[in-house]
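Inside the fold
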Amino acid sequence: DPRKMRAALDPIGPENDAAILEACQWGDQVIAAWGTHGAHLNRGPQVEALLRASGRSVLHLGLSKAGHPKHPLYIAYTQQPEVWT
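Residues numbered from 1 in each chain as written. Predicted model: local features only at pLDDT ≥ 70, side-chain atom pairs only at ≥ 80, totals over all residues. Heavy atoms only, no water.

The mixed open sheet is built from three strands, whose spatial order is β1-β2-β3. Taken across any chain shown, the strands that pair with only one partner, and hence form the sheet edges, are β1 (30-32) and β3 (82-83). With two bridges connecting them, strand β2 (residues 58-60) and β3 associate as antiparallel partners. Across the sheet, the residue bridging to L59 is V83, located in β3. (Pairing = 2+ DSSP bridges. Helix = DSSP H or I, 4+ residues; strand = E, 2+ residues; numbered from the N terminus.)

All right, on to the packing of helix α2 (residues 16-26) against helix α3 (residues 43-53) then. Angle between the axes and distance between the axes: these two values describe a pair of packed helices. The interhelical angle for the contact between α2 and α3, taken along N-to-C directions, is 40°, at an axis separation of 10 Å. Of the possible angle classes, the one that applies to α2 and α3 is oblique. For α2 against α3, the interelement crossing comes out right-handed. In contact with N16, D17, I20, L21 and C24 of α2, α3 contributes R43, V47, L50 and L51. Considering only residue class, the contact of α2 with α3 consists of six nonpolar, one polar and two charged. (Axes fitted to C-alpha atoms, helices over the stretch in contact; angles between N-to-C directions. Parallel < 35°, antiparallel > 145°, perpendicular 65-115°, else oblique. Left-handed = near helix turned anticlockwise from the far one by under 90°. Contact = heavy atoms within 4.5 Å. Nonpolar A, V, L, I, M, F, W, Y, C, P; charged D, E, K, R; others polar.)

This part covers the nonpolar core. Residues I20, C24, V30, A32, V47, L50, L51, V58 and W84 constitute the largest nonpolar core, which totals nine residues. Secondary-structure elements contributing two or more residues to this core are α2, β1 and α3. Take this core: its biggest share by element is three residues, from α3. Look past the residues within four positions of W84 in its chain and what remains in contact with it is A32, W34, E48, R52, V58, L59, H60, L63, G67 and P69. (Core = buried A, V, L, I, M, F, W, Y, C linked by side-chain atoms within 4.5 Å. Buried < 20%, exposed > 50% of the residue type's maximum accessible area, 1.4 Å probe, protein only.)

What the rule picks out here adds up to one aromatic pair. Pairing W34 with W84 gives two aromatic rings, centres 6.0 Å apart and planes at 55°, and the pair type is tilted. Taken together, the residues span a long stretch of sequence, with W34 in the loop between β1 and α3 and W84 in the segment after β3 at a distance of 50 residues. Directly above the ring of W84 sits R52, whose terminal nitrogen or CZ lies 5.0 Å from the centroid. (Phe/Tyr/Trp six-rings, centres within 6.5 Å; stacked < 30°, edge-to-face > 60°. Lys NZ or Arg CZ within 6 Å of the ring centre and 35° of its normal.)

So, about α3. Taken together, the buried positions of α3 are occupied by R43, G44, V47, L50 and L51. Each buried residue of α3 sits inside an arc of 125° when the element is viewed along its axis, so together they form one side. Count one or two residues on from α3 and you reach G55, which has phi positive near 85°. (Arc of directions from axis to C-beta.)

This is the structure in structure tokens:
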């Protein structure tokens, strides 16, 4: 819930980055899809940097006008992942 995220004192938490990097290692694909709420606390670019540092190819399901990887809730079911360059 974006409202709860914005109201939280520490919406990221101390182990979030480690969990993201760990998931990159066991996931079949790394698909970025946080939507425009990634602008909160400038977290989107931070997570993008983490994903790219994992050494895995990073995919997305479309990009917003501001360059955020679109959230799956707001795109067509038929949209296929594409490489995020």
